[in-house]
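These are the residues of each chain, in order.
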Protein chains: 2
Amino acid sequence: MIIDIHGHYTTAPAELWAYRAHQISNLGRPTKGSLNISDERIRETIEEGQLKLQRERGTDLTLFSPRAASMGHHFGGELVSRYWTEVCNDLIHRVCQLFPESFVGVCQLPQSPGVSPRNCIEELKRCVSELGFVGCNVNPDPTGATGFTPSLGDEWWYPLWEACVELDVPAMIHVSASANPSLHTLATYYITSDTAAALQLLESRVFDDFPKLKIVIPHGGGAVPYQLARYRGISTVERRQPFEEAIKKLYFDTAIYSQDAVETLLKAVGVDNVLFASEMVGAVYAVDPRSGRWFDDTKIYLDGIEWLTEENRRDLFEENALRVYPRLKEQLRRAKPVAGA
Amino acid sequence: MIIDIHGHYTTAPAELWAYRAHQISNLGRPTKGSLNISDERIRETIEEGQLKLQRERGTDLTLFSPRAASMGHHFGGELVSRYWTEVCNDLIHRVCQLFPESFVGVCQLPQSPGVSPRNCIEELKRCVSELGFVGCNVNPDPTGATGFTPSLGDEWWYPLWEACVELDVPAMIHVSASANPSLHTLATYYITSDTAAALQLLESRVFDDFPKLKIVIPHGGGAVPYQLARYRGISTVERRQPFEEAIKKLYFDTAIYSQDAVETLLKAVGVDNVLFASEMVGAVYAVDPRSGRWFDDTKIYLDGIEWLTEENRRDLFEENALRVYPRLKEQLRRAKPVAGA
């Protein structure tokens, strides 16, 4: 079974964006309102988008979450963020109900700049307990690169980590769009934030205080695997735990886009800490003019690595995901009868 | 000849820091004052620091600049930054005069948050024309990660690029210390800023408008070589010049700290665009407990790469530096008679 742990609903119907636009015009008096999208519209956008590609590329299941760049936690206040988050998560839930064998939900959270992550717990619980989601995306910088957010190593985040551990769901650390014109969202902000997130966590006490917490750093870990020796050196200077050991506290996805890079990642953090992902349909939805293949068909990079054993491949494509997302097994069991009906 | 293009005077005498401390207590009425350090004190700090290591490691010459983390452009106003910069550059000049065969100067600039880089031109000209410096360090974020700075691709920077081209000196893009507690200066802020800098320049018109401008991205280019395929994909989606071609407009140094990483860099940008550097004495001044060798003895990584030809090695250690820093040849000519005296 091939599980892609990192897919966003980037092909959502226009009605979703109409809802968001409505939030702008109602900024003074936010109301929840409602999102009216037919099952047929959802089916269309999935069957001609994500699912078509999954079938072509041989991915069985995607852990599916709302479009990351649209989480936009920096926009509006706490209430705007809550309504938007609920609507986005409900839509993901509908996708998962319509295609239970192909999608399992991962939620966004109602974060807001300067607001304690404690306010996310209710929505996280709803998504996990009521909607069957198996993970969450945590934005390490709800300001959208326009202000300060405490380090992920700070106790400010502890109520959220506590809830993740209690619910047994991992957190993928994933920023939303950059509101700083100097930082390209997909090219710069995602990658620099991944780098910062990994280092914030590894210089903190988070994993001492929450040994069961599971954190996934996306996009191949930003700069970390390439700069590994720098971090080994700094850890040595600062008399910390050897960085090559510390890094095993984190999980990384394969949403990088060349075989060389995937190999660098695997060598840096080890097969056990890497999970297959494509982040499609996303930043690099294009055919590589050199190879004639889709950049984000990341399975081919793993397939090309000759030194991986069959067991390694099973771990990367399936077993690691089932281990890091423990609620996934239950969701897969539930999906089966529907498929056989 | 082995030229290290990236060294900072991190072992400067305490008198320099006393000067800086004085600036804090005189923040209300900044005065230039003076720095009193004997030649003997300077000799000591160099001979027992940087130069000792250069001799041990076989580096002939270092392009030497003030300590990057101490540039502190976010501290004080324009005048504070100007005085501090002049004092730091003058000290580098004294090192270069005392050891003309081993050091050539690279200056810091009197940048300040929100102040046009136009104000740096006078000091840049002084350093190049009067002190014989061959390059400058440009801080892409004088706010120290606490505010907004226009993208390096923005016309805001054009007066400075114009001066660099006119004086025929390259700019190394190098932030100073992070004043944002979430960002570790050496581990996170340097690396994320390198990444951002490269992408800001490559999505801009800077090299169309200044085809002769030479920019060096330090620390092996942050995340860029590892994330190369992501950037190739994004460039394809955005119908830009192929990224693997665009990246040749930039130069990169080898201040990463493993052979694998140096190979990744060389494969990503090509031998012609890489310059030997160690950034010692710096972030990773420690012995690798695994190999028993100094992390920042970066020559060994290049020496270990078997597929490099003799010509490649000459380019990496010497010729590329002479090409990117055209004023270096003249400085080397001047140094000779002094050495023979």
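Our subject is the structure that appears above.
Throughout what follows, the structure given in this document is the object of discussion. (Residues numbered from 1 in each chain as written. Chains lettered and ligands numbered in written order. Predicted model: local features only at pLDDT ≥ 70, side-chain atom pairs only at ≥ 80, totals over all residues. Heavy atoms only, no water.)

Quick look at the sheet that holds strand β1 (residues 3-9) of chain B now. All names here are of chain B. What the eight strands build is an open sheet, ordered β1-β2-β3-β4-β5-β6-β7-β8; its pairing is parallel. One side of each edge strand has no neighbouring strand; the edge strands of this open sheet are β1 and β8 (274-275). Sheet analysis places strand β5 (residues 171-173) next to strand β6 (residues 215-217), joined by two bridges and oriented parallel. Looking at β6, one finds that M172 is bridged to V216. Sheet strands in contact with helix α3 (residues 78-98) are β1, β2 (61-66) and β3 (103-107), and its direction is about 170° off that of β3. (Pairing = 2+ DSSP bridges. Helix = DSSP H or I, 4+ residues; strand = E, 2+ residues; numbered from the N terminus. Contact = heavy atoms within 4.5 Å. Axes fitted to C-alpha atoms, helices over the stretch in contact; angles between N-to-C directions.)

The next point concerns the packing of aromatic side chains. In this description, an aromatic ring pair is defined by two values, namely the gap between the centres and the angle between the planes. All names here are of chain B. Applying the stated criterion to the full structure yields 22 aromatic pairs over all chains. The interplanar angle of 40° and the centroid separation of 5.4 Å between the aromatic rings of Y9 and F64 together place this pair among those described as tilted. Taken together, the positions of Y9 in strand β1 and F64 in strand β2 put the pair 55 residues apart, joining distant regions of the chain. Judged by relative accessible area, which is 3%, Y9 ranks as buried. (Phe/Tyr/Trp six-rings, centres within 6.5 Å; stacked < 30°, edge-to-face > 60°. Buried < 20%, exposed > 50% of the residue type's maximum accessible area, 1.4 Å probe, protein only.)

Side chains bearing opposite charge may pair, as long as their charged atoms lie close to each other. Counted by the stated rule, this structure contains 38 salt bridges over all chains. Across the pair K32 of chain B and E86 of chain B runs a salt bridge whose closest N-O atoms are separated by 2.7 Å. Within this pair, whereas K32 of chain B is found in the loop between α1 (14-25) and α2 (39-57), its partner E86 of chain B is found in helix α3, the two being separated by 54 residues in sequence. With a shortest N-O distance of 2.8 Å, R126 of chain B and E123 of chain B are connected by a salt bridge. One end of the pair, R126 of chain B, and the other, E123 of chain B, are both in helix α4 (residues 121-130), three residues apart, so they sit about a helical turn from each other. One continuous salt-bridge network, built from bridges that share partners, spans R232 and E244 of chain A together with D288 and R290 of chain B. (Salt bridge = Lys/Arg side-chain N within 4 Å of Asp/Glu carboxyl O.)

Counting 182 residues, the largest nonpolar core has L124, W161 and I215 of chain A together with L124, W161 and I215 of chain B as the members making the most contacts within it. Setting aside residues no more than four positions away along its own chain, L124 of chain B makes contact with C107, L109, C136, L160, A163, C164, L167 and V169 of chain B. (Core = buried A, V, L, I, M, F, W, Y, C linked by side-chain atoms within 4.5 Å.)

Residue and element names in this part refer to chain A. In the segment running from M280 into V281, the intervening peptide bond is cis, with an omega of 0°. Positionally, V281 belongs in the loop between β8 (274-275) and α11 (299-303). One non-glycine residue, D168, adopts positive backbone phi at about 60°. Assignment of secondary structure puts D168 in the loop between α5 (158-167) and β5 (171-173). For D168, a relative accessible area of 36% translates into the label partly exposed. The backbone phi angle of H219 is positive, close to 55°, even though this residue is not glycine. Turning to its location among the elements, H219 is positioned in the loop between β6 (215-217) and α8 (228-237).

Another point: the packing of α2 of chain B against α3 of chain B. All names here are of chain B. Interhelical geometry of α2 versus α3 gives an angle of 80° and a closest axis separation of 10 Å. Between α2 and α3, the interaxial angle falls into the category roughly perpendicular. Within the contact between the two elements, α2 uses D39, I42, R43 and I46 and α3 uses L91, R94, V95 and L98. Split by residue class, the contact of α2 with α3 holds five nonpolar, no polar and three charged. (Parallel < 35°, antiparallel > 145°, perpendicular 65-115°, else oblique. Nonpolar A, V, L, I, M, F, W, Y, C, P; charged D, E, K, R; others polar.)

Right, let's talk about the environment of G114 of chain A for a bit. Here G114 of chain A is to be found in the loop between β3 (103-107) and α4 (121-130). Separated by 74 residues in sequence, G114 of chain A and T188 of chain A place their C-alpha atoms 23 Å apart.

It is worth spelling out the interface of chain B and chain A at this point. Across the contact, 55 residues belong to chain B and 55 residues belong to chain A. Our count for the contact surface shared by chain B and chain A stands at four salt bridges. Its salt-bridge partner being E244 of chain B, residue R290 of chain A comes within 3.2 Å of it at the nearest N-O pair. Elements represented by at least two residues in the side of chain B that touches chain A include exactly α6 (185-202), α8 (228-237) and α10 (259-269) of chain B. For the side of chain B that touches chain A, the leading source of residues is α6 of chain B, giving 10 residues. Here the residues of the side of chain B that touches chain A sort into 29 nonpolar, 18 polar and eight charged.

Mapped onto the fold, D253 of chain A is located in strand β7 (residues 250-253). Of the buried charged residues, D253 of chain A lacks a salt bridge, with R230 of chain B as the closest side chain of opposite charge at 7.8 Å. Side-chain polar atoms of D253 of chain A contact the backbone nitrogen of H219 of chain A, separated by 2.8 Å. If sequence neighbours within four positions are ignored, D253 of chain A has contacts with I5, H6, M172, V216, I217, P218, H219, G220, L265, L275 and A277 of chain A. (Lys, Arg positive; Asp, Glu negative; His and termini not counted. Polar contact = N/O pair within 3.5 Å; in protein donor to acceptor, adjacent residues only side chain to side chain.)

All names here are of chain A. Running from N to C, α4 and α5 point in directions that differ by 15°, and their axes come no closer than 10 Å. Relative to α5, the element α4 lies roughly parallel. Classified by chirality, the crossing of α5 by α4 is right-handed. Contact residues: α4 offers I121, L124, K125, V128 and S129, while α5 offers P159, L160, A163, C164, E166 and L167. (Left-handed = near helix turned anticlockwise from the far one by under 90°.)

Now for the side chain of Q50 of chain A. Residues and elements named next belong to chain A. Within the element layout of this structure, Q50 appears in helix α2 (residues 39-57). When its relative accessible area of 1% is taken as the criterion, Q50 is described as buried. Looking at Q50, its side chain comes within polar contact range of the main-chain nitrogen of V281, at 3.3 Å. Among all residues touching Q50, those that are not within four sequence positions of it are H8, T45, T62, F64, F103, M280 and V281.

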